[in-house]
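Results of the structural survey
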Amino acid sequence: MKVSDSAIARLRAAVESPDLEGSRYHLLDKLGQGGMGGVYRVEDSILGRQVAMKVVAVPDSTSSLADRLLREAQIIARLEHPGIVPVHDVGTLPDGRVFYTMKLVQGKRLDAHAAELGTIPERLRLVQKVCDAVGFAHARGVLHRDLKPQNVMVGPFGEVLVMDWGLSKIIREQEATRPSDSSPILSFVSIQDGTSHGSVLGTPGYMSPEQERGDNTAIDERSDVFSLGAILQFLARDLAHSANPVARPRALTAIIKKATAVQPSNRYQDVADLSSDLSAYLDGLPVQAYPEGVFVGIWRWVVRNRVWLLMVLAYLIMRTLLILWRSP
Amino acid sequence: MNKVLLGLMLGGILGAFDGMTAWFTPAVRNQLLMIVFFSTIKGIIAGICIGYFARKVHSLPLGILFGLAIGLVLAYAVAAMPDPSGKHYYFEIMLPGAIVGMIVGYATQRFGLSPQPAHR
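Residues numbered from 1 in each chain as written. Chains lettered and ligands numbered in written order. Predicted model: local features only at pLDDT ≥ 70, side-chain atom pairs only at ≥ 80, totals over all residues.

1. Description of the overall build of chain B
- Helix and strand counts for chain B come out as four helices and zero strands.
- Along chain B, helices (α) and strands (β) appear in the sequence α-α-α-α when read from the amino end.
- In terms of its C-alpha atoms, chain B occupies a principal-axis envelope of roughly 60 × 25 × 20 Å.
- Considering only residue pairs separated by 6 or more positions, chain B has 75% of its internal contacts joining residues 24 or more positions apart. (Helix = DSSP H or I, 4+ residues; strand = E, 2+ residues; numbered from the N terminus. Contact = placed C-beta atoms within 7 Å.)

2. Focus: helix α2 (residues 64-77) of chain A
Residue and element names in this part refer to chain A.
- The first and last C-alpha atoms of α2 sit 20 Å apart over 14 residues, in line with the 20 Å expected at 1.5 Å per residue.
- Of the residues making up α2, those classed as buried are A66, R68, L69, L70, R71, E72, A73, Q74, I75 and I76.
- Where α2 is buried, its residues meet β3 (49-56), β4 (87-92), β5 (98-103), β7 (142-143) and β10 (169-170). (Expected span 1.5 Å × (residues − 1). Buried ≥ 20, exposed ≤ 12 C-beta atoms within 10 Å, placed from the backbone.)

3. Thoughts on the interface of chain B and chain A
- If you look at the interface, chain B gives 13 residues, while chain A gives twelve residues.
- For the side of chain B that touches chain A, the per-class residue count stands at ten nonpolar, two polar and one charged. (Nonpolar A, V, L, I, M, F, W, Y, C, P; charged D, E, K, R; others polar.)

4. Quick look at helix α4 (residues 90-110) of chain B
- Its 21 residues give α4(B) an end-to-end C-alpha distance of 30 Å, which sits within 8% of 30 Å, the value for a rise of 1.5 Å per residue.
- With respect to burial, α4(B) is a largely interior element, 18 of its 21 residues being buried.

5. Some remarks on the domain arrangement of chain A
All names here are of chain A.
- We note that the domain assignment places domain 1 (18-104), domain 2 (109-291) and domain 3 (294-326) within chain A.
- Contacts between the two partners involve 19 residues from domain 1, matched on the other side by 22 residues from domain 2.
- Every element with two or more residues in the side of domain 1 that touches domain 2 is listed here: α2 and β4.
- Of the residues that constitute the side of domain 1 that touches domain 2, the class distribution is nine nonpolar, five polar and five charged. (Domains from an automatic or database assignment.)

6. Side note on the sheet that holds strand β9 (residues 160-162) of chain A
Residues and elements named next belong to chain A.
- Spatially, the three strands line up as an open sheet ordered β6-β8-β9, and their pairing is antiparallel. The open sheet terminates on both sides in strands that have one partner only, identified here as β6 (108-109) and β9.
- As judged from the three bridges shared by strand β8 (residues 152-154) and β9, these two strands associate in the antiparallel manner. Following the sheet pairing, M153 is matched in β9 by L161. (Pairing = 2+ DSSP bridges.)

7. Some words on the nonpolar core
- V127(A), V130(A) and L228(A) are the most contacted members of the largest nonpolar core, which totals 70 residues.
- Broken down by element, the residue count for this core peaks at nine residues, all from helix α6 (residues 221-240) of chain A.
- A domain split of this core shows at least three residues from each of domain 1 (18-104) and domain 2 (109-291) of chain A.
- In this structure, M311(A), L14(B), I99(B) and Y106(B) belong to the second largest nonpolar core, which totals 27 residues. (Core = buried A, V, L, I, M, F, W, Y, C linked by C-beta atoms within 7 Å.)

8. Points about unusual backbone geometry
Residues and elements named next belong to chain A.
- Phi angles above zero are rare outside glycine, and R145 is one such case at about 70°.
- Looking at the element boundaries, R145 is found in the loop between β7 and β8.
- Residue D164 is not a glycine yet carries a positive backbone phi of 50°.
- If you trace the backbone, D164 turns up in the loop between β9 and β10.

9. What about the packing of helix α1 (residues 3-20) of chain B against helix α2 (residues 32-56) of chain B?
Residue and element names in this part refer to chain B.
- Between α1 and α2, the least distance of the axes is 6 Å, while the angle of their chain directions is 150°. Between α1 and α2, the angle falls in the class roughly antiparallel. The handedness of the crossing between α1 and α2 is right-handed.
- By residue class, the composition of the contact of α1 with α2 is 15 nonpolar, ten polar and four charged. (Axes fitted to C-alpha atoms, helices over the stretch in contact; angles between N-to-C directions. Parallel < 35°, antiparallel > 145°, perpendicular 65-115°, else oblique. Left-handed = near helix turned anticlockwise from the far one by under 90°.)

10. A look at the confidence of the model for chain A
All names here are of chain A.
- Averaged over every residue, the pLDDT of chain A is 83; residues scoring 70 or more account for 86%.
- Per-element confidence in chain A is highest for helix α8 (residues 271-282), whose mean pLDDT is 94, and lowest for helix α1 (residues 5-16), whose mean pLDDT is 72.
- Counting contacts from residues 175-194, a segment whose pLDDT is below 50, to residues more than four positions away or on other chains yields 27 contacts. (pLDDT = per-residue confidence, 0-100.)

11. Re the packing of helix α3 (residues 60-79) of chain B against α4(B)
All names here are of chain B.
- At a closest axis distance of 7 Å, the pairing of α3 and α4 adopts a crossing angle of 150°. Between α3 and α4, the angle is such that the two are roughly antiparallel. In terms of crossing hand, the pair formed by α3 and α4 is right-handed.

12. Details of the environment of S59(B)
All names here are of chain B.
- Within the element layout of this structure, S59 appears in the loop between α2 and α3.
- In this structure S59 comes out as exposed when scored by C-beta crowding, with 12 C-beta atoms within 10 Å.
- Sequence spacing of S59 and Y106 is 47 residues, and the spatial spacing of their C-alpha atoms is 9.5 Å.

13. Quick look at the pairing of β4(A)
- Note: β4(A) against β5(A), five bridges, orientation antiparallel. Note on β5(A): the bridge partner recorded for V87(A) is M102(A).

14. Focus on the sheet that holds strand β2 (residues 37-44) of chain A
Residue and element names in this part refer to chain A.
- Across the sheet, five strands lie side by side as β1-β2-β3-β5-β4; this open sheet has antiparallel pairing. With one partner strand each, in any of the chains shown, β1 (25-33) and β4 form the two edges of the open sheet. Sheet twist, expressed as the average angle between the axes of neighbouring strands with direction ignored, equals 25°.

15. Some remarks on the pairing of β1(A)
Residue and element names in this part refer to chain A.
- Bridge analysis of β1 against β2 gives seven bridges, and the strand direction is antiparallel. Looking at β2, one finds that Y25 is bridged to D44.
- The turn linking β1 back onto β2 is made up of three residues.

Encoded structure:
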């Protein structure tokens, strides 16, 4: 008996789909597929809302994939920030697959949204929002390690959410945010990083050189700074290749260069430094990454205060003309 | 510096400077002190009004426009007073007065600080 390709695809989808029988969730559709498993749109029948459900591919709650998924959920749960997608629930499905549910984010990924961002300031403000979320995670002792445009969602009102904390790493514990040991499903999961020295985690083009080398001991906040610099680079390059290409200013190039320096010691030492340089750039102030000459500084001051200077100039010219007009 | 104080100081300084330019008009040079005094007072009054407006209305264009209007009105009041020979100096007083008003309007909107909310 011959089975058509579409029938095989349907069968495969049915097998991969999570068994939500008897749970509070009803499956609606599949949103995407990742390394660990799939992400589905489901309806929470108790609260009457749609949420996103991430489910591991393997129906075994003791597998390493299940551990990783739970670890990811635990990490996100400790990061309550408007720029980080919140986790609502975590558990095991009747088919043995571990899942967690999170806010269903409506919007576009940054790589798709970039085409709609017309100007450099618009793009930089967006990166600043990513910096805010990542800076918050760093303050809570968490590194993302996989920052890239595909992992940033931009909502319909311009809200920015950093997604996919599956590769995140905890660099220091904080008592105030440590999850309770009383939760039985989480008790077997070590919240510490599950990666060993030598394993390469991240996305080429966005991961730092120390990540590429698999030197996990060298990875710290500056590795995420590198990825943020690569996102900046992506947005600036994308604008240069758009229908209305915009020349990239030197100060912005210097910011990108500093953020993506090969040596971590040459990068911004934390995300706040990068964000503050972006703010300075947006406000027309000198940036840390680009030491400017005296004339450039004077010119920038003149451009920033042009309205004020034009009025003073208008006053002086008019006063001079009036004096000349009245002079005998 | 708060907006009213900034308006007062800037209005006073620019008013005094504007008054001093009367030195270049030989016909009124002998009244220079009086001109500088009244010009300073005019600048201070205009500055306070513009600073108060900036505290209430947070808009750069409206601030500049209000400065222009106040500068013109006060300068007209001064220019309407003739010199001892009965001559009026409408252009010499009103045009610079209007621009000075605009400068103060811009400065109070851009640089002056709004009052902070009270803390309990």
